[in-house]
Amino acid sequence: MPTVRVSAEAPDAAILETAAGLLRAGRLVAFPTETVYGLGANALDAAAVDRIYEAKGRPPINPLIVHVASLAMARELAVEWPDLAERLARRFWPGPLTLVVRKADRVPGVVTGGGGTVGLRMPAHPVALALIERAGIPIAAPSANRSNEISPTTAQHVERSLGSCVDLVLDGGATTVGIESTVVDVTGAAPRVLRPGMITAIEIARVANVAGVADVASAGRVAAPAREAAEAPRSPGMLGKHYAPRGRVMLVPARELDAAADTARRDVAAGRRVGALVFTSLGVTGVQEHTMATDPGAYARHLYATLHALDIAGCELIIVEEPPRSEEWRGVVDRLQRATLA
Ligand code: TXA
Ligand code: MG
């Protein structure tokens, strides 16, 4: 699986053309977006999309996000393009927002997990945008990791997870947002967040001009009213374990950090490797401790690389100090909660 370095600001045209040619020929190309690396295939080619599921070991009912380079390209993939989609796309695209709309017939069922809706996103990364434009086709791309593993924020993470399953990896350096896009269902009268991300429900509600946005994500622990939850087309990828390192992850409120430090001390004494993501310090010698940013954007940017590093180091226990519960931390807290699911 060749990996090719490509400038994130001004990607080389010949490299992009090679990658675009592979995509048009039904092959798999991993590429950087602003959120995480994607594993791309021609979204209109069912056989090519099949290869994504195979490479990831992904259950076929879990739908893929289709990446576009323009609003016009997005509209062509939807049987109807609601005013809500138009407003959100105009405000947040290109950017870390996926809009779930009713799919057009030309989108193969394999992309949507057999369902009637499709997730669309215009990524804010020059390499991703130029690649889609050059290929001239919409690109289906999940995160470029094996199912249930931590998403990749560098080309090295992709290589480690997918090995020889990819025909080409475009290495555009580390991604900047760091966690996956916010997924919003816009098929109803009001938007519904299916997966929280760095674009918050509050920002979405403001643009949608509604009082609030139902949030049906929440690691399977649905907070929305029962009626709403029952009606919501849930995001199959959000069920169960996801985004998890191999070791056990403990999410600990600041006030319980002393007790967690005792656990860490015992584990270290027993010869186990222990890692920590904290805002201050556990104060335990031998723990591989990472001091995390107190700003949610910076925290998100470094989160997966930190978890990957602790995973590679063979940590059997990872203690994570709980971030604040405010809306701007919602995406980060969601991923941390998922990482604790065994
Ligand atoms: O930031 C991102 O979204 C990255 C980059 C590569 O764009 N992609 C990504 O894809 O995270 P993936 O496949 O790892 O996650 C896609 C999520 C899953 O939770 C899936 O269930 C949900 O989006 N999804 C996709 N299409 C959907 C649909 N039609 N209805 C409901 N949920 C959908
Ligand atoms: Mg994923």
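About the cut-offs
Residues numbered from 1 in each chain as written. Chains lettered and ligands numbered in written order. Predicted model: local features only at pLDDT ≥ 70, side-chain atom pairs only at ≥ 80, totals over all residues. Heavy atoms only, no water. Helix = DSSP H or I, 4+ residues; strand = E, 2+ residues; numbered from the N terminus. Expected span 1.5 Å × (residues − 1). Contact = heavy atoms within 4.5 Å. Polar contact = N/O pair within 3.5 Å; in protein donor to acceptor, adjacent residues only side chain to side chain. Salt bridge = Lys/Arg side-chain N within 4 Å of Asp/Glu carboxyl O. Pairing = 2+ DSSP bridges. Axes fitted to C-alpha atoms, helices over the stretch in contact; angles between N-to-C directions. Buried < 20%, exposed > 50% of the residue type's maximum accessible area, 1.4 Å probe, protein only.

### Some details on helix α1 (residues 13–24)
Move 1: Given a rise of 1.5 Å per residue, 12 residues ought to cover 16 Å, and the 16 Å separating the end C-alpha atoms of α1 matches this to within 8%.
Move 2: Lining the buried residues of α1 we find β1 (3–5), β2 (29–31), β3 (38–42), α5 (126–135), β7 (139–140) and β8 (168–171).
Move 3: At the N-terminal end of α1, a side-chain oxygen is found 3.1 Å from the backbone nitrogen of Ala14, two or three residues along, and the residue is Asp12.

### Some words on the pattern of salt bridges
Move 1: Applying the stated criterion to the full structure yields 19 salt bridges.
Move 2: Between Asp171 and Arg5 there is a salt bridge, with the nearest N and O atoms lying 3.4 Å from each other. Here Asp171 is found in strand β8, whereas its partner Arg5 is found in strand β1, with 166 residues between them in sequence.
Move 3: A salt bridge links Glu80 to Arg102; the shortest N-O distance between them is 3.0 Å. In this pair, Glu80 is assigned in the loop between α3 (71–75) and α4 (83–92) and Arg102 in strand β5 (residues 97–102), connecting sequence segments 22 residues apart.
Move 4: A network of salt bridges, in which partner residues are shared, links Glu180, Asp334, Arg335 and Arg338.

### A short note on the sheet that holds strand β14 (residues 288–291)
Move 1: If you trace the 4 strands from one edge of the open sheet to the other, you get β12-β15-β13-β14, paired in parallel fashion. At either end of the open sheet lies a strand with only one pairing partner, and these are β12 (248–252) and β14. Here the average twist between neighbouring strands, direction ignored, is 15 degrees.
Move 2: With respect to the sheet, helix α10 (residues 296–312) is in contact with β13 (274–278), β14 and β15 (317–321), its orientation differing from that of β13 by roughly 175 degrees.
Move 3: Here helix α11 (residues 330–340) sits on the sheet and contacts β12 and β15; the angle it forms with β12, its principal contact strand, is near 135 degrees.

### Digging into the pairing of β15
Move 1: When you tally the buried positions in β15, you get 5 out of 5 residues, the bulk of the element.
Move 2: Alternating positions in β15 separate into two faces, Leu317, Ile319 and Glu321 on one and Ile318 and Val320 on the other, with burial throughout.
Move 3: Judged from the 5 bridges that link them, β12 and β15 form a sheet pairing that is parallel. Bridged to Val249 within β15 is Ile318.
Move 4: As defined by bridge partners, β13 adjoins β15 across 4 bridges and the pair is classed as parallel. The partner of Gly275 across the bridge, within β15, is Ile318.

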